[in-house]
Amino acid sequence: MALLTCSDVTFSYEGIPVLTDVNFALEAGSYLCIVGENGSGKSTLVKGLLHLKNPSTGSITTGDGLHPSEIGYLPQQTAAQKDFPASVWEVVLSGRQNHPHFPPFYTKADKEDALRNMELLDLLPLKKRCYRDLSGGQQQRVLLARALCATKKLLLLDEPVTGLDPVMTNEMYQLIRRINREQNVTIIMVSHDIRNILPDATHILQLDQKQVFFGPMDEYLKTEAGKQFLGGADL
Ligand code: ADP
């Protein structure tokens, strides 16, 4: 059974459809890249996958032992997030809170998992630093570790390299590739940067107010949509 399945999904705002014909099934271990122009429906679909917005028709189901609450999510960076006044350790650990309560309570297993994810992403030297004093690339690594605390199965990343320079962008892609291949975490990434992800992604979903293409990356590259979308790309 697939990890995630969208069947005949349509999304509407106030009765007006903005994304139709979404049909795909994603197997565990895949690396899916979602592409499309602004307004094509990427964010709407992400909201649907996170169960923050219901489809107006069709269904989104999880399988293969994945519970919808186990999806790790790295949202698009906003200016407000950059000023978060907490230590790196506190930010990473907060990813373990599925059911927030105050004051926060964390088990030994929570703390061990947070440490493991920090080690994986080389964050232990930054453990006591204040999150808002870090560079943009370091902050994204912290948020990636936080998202990993929430899941061992499916990571949903929304434009994770926005605002990063080319060196930090590459570093971020390398980490995501390792998480996919070595930790066997399924990746869904919304991205404009298809050229850099080509070698890593196994599948591609192209949207343009409807599903234009879903399938393996090598098949996409042979389609007209793929050739057009990648027009001018230095492959
Ligand atoms: P993308 O992420 O690809 O830029 P979106 O999912 O944000 O696309 O938007 C898809 C369409 O839905 C756009 O036409 C957008 O104007 C519309 N839309 C998005 N959010 C809302 C909303 N809250 N209310 C009404 N229309 C919306």
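No experiment lies behind these values; they were computed from the predicted model shown.

## A closer look at the sheet that holds strand S4 (residues 57–62)
Across the sheet, three strands lie side by side as S2-S1-S4; this open sheet has antiparallel pairing. The outermost strands of the open sheet, each flanked by one partner alone, are strand S2 (16–26) and S4. Here the strands of the sheet are splayed against their neighbours by 25 degrees on average, with no regard to which way each runs. Pairing between strand S1 (residues 4–13) and S2: seven bridges, direction antiparallel. By the bridge assignment for S2, Tyr 13 is matched with Ile 16.

## A word on the packing of helix H5 (residues 136–150) against helix H6 (residues 166–182)
Two elements in contact, H5 and H6, have axes whose closest approach is 10 Å; the angle formed by their N-to-C orientations is 15 degrees. In this view, H5 runs roughly parallel relative to H6, as classed from their interaxial angle. Pair H5 / H6 crosses with right-handed handedness. Residues Gly 137, Gln 140, Arg 141, Leu 144 and Leu 148 of H5 form the contact with H6, whose own contacting residues are Met 168, Glu 171, Met 172, Leu 175, Ile 176 and Ile 179.

## Side note on helix H4 (residues 108–120)
Over its 13 residues, H4 extends 18 Å from the first C-alpha to the last, a length consistent with the 18 Å expected when each residue adds 1.5 Å. Turning to H4, its buried residues number three or more, namely Asp 110, Asp 113, Ala 114, Asn 117, Met 118 and Leu 120. Buried residues of H4, seen end-on, are gathered within an arc of 160 degrees and therefore sit on one face of the element. In H4, the exposed positions that point more than 90 degrees away from the buried face belong to Lys 108 and Glu 119. Contacts from the buried residues of H4 go to helix H3 (88–93), H5 and H6. Taken from the residues just after H4, Asp 122 is the one with a positive phi, measuring 55 degrees.

## Some words on the domain arrangement of the chain
Domain annotation for the chain reports domain 1 (1–66 + 153–235) and domain 2 (78–152). Each of domain 1 and domain 2 has a C-alpha centre, and these two points are 25 Å apart. Across the contact, 16 residues belong to domain 1 and twelve residues belong to domain 2. Counting the surface lost from both domain 1 and domain 2, the interface buries some 1,200 Å², and carbon and sulfur atoms represent 71% of this. Where domain 1 touches domain 2, the interface holds one salt bridge. Between Glu 171 and Arg 141 there is a salt bridge, with the nearest N and O atoms lying 3.4 Å from each other.

## What to know about the side chain of Ser 191
Structurally, Ser 191 can be placed in the loop between strand S7 (186–190) and helix H7 (194–197). Look at Ser 191 and you get buried, because its relative accessible area is 3%. A polar atom in the side chain of Ser 191 sits 2.8 Å from the backbone nitrogen of Asp 193.

## Overview of the sheet that holds strand S5 (residues 71–74)
Judged by pairing direction, the sheet is mixed, and its six strands sit side by side in the order S5-S6-S7-S3-S8-S9 without closing on themselves. Both edges of this open sheet fall to S5 and strand S9 (211–216), since each of them pairs with a single strand only. When strand polarity is set aside, the average angle formed by the axes of neighbouring strands in this sheet is 15 degrees. Here five bridges tie strand S6 (residues 154–158) to S7, and the two strands are oriented parallel to one another. In the sheet register, Leu 156 faces S7, and the bridge partner there is Ile 188.

Here is what the cut-offs are and how they apply
Residues numbered from 1 in each chain as written. Predicted model: local features only at pLDDT ≥ 70, side-chain atom pairs only at ≥ 80, totals over all residues. Heavy atoms only, no water. Pairing = 2+ DSSP bridges. Helix = DSSP H or I, 4+ residues; strand = E, 2+ residues; numbered from the N terminus. Axes fitted to C-alpha atoms, helices over the stretch in contact; angles between N-to-C directions. Parallel < 35°, antiparallel > 145°, perpendicular 65-115°, else oblique. Left-handed = near helix turned anticlockwise from the far one by under 90°. Contact = heavy atoms within 4.5 Å. Expected span 1.5 Å × (residues − 1). Buried < 20%, exposed > 50% of the residue type's maximum accessible area, 1.4 Å probe, protein only. Arc of directions from axis to C-beta. Domains from an automatic or database assignment. Buried area = accessible area lost by both parts, 1.4 Å probe. Salt bridge = Lys/Arg side-chain N within 4 Å of Asp/Glu carboxyl O. Polar contact = N/O pair within 3.5 Å; in protein donor to acceptor, adjacent residues only side chain to side chain.

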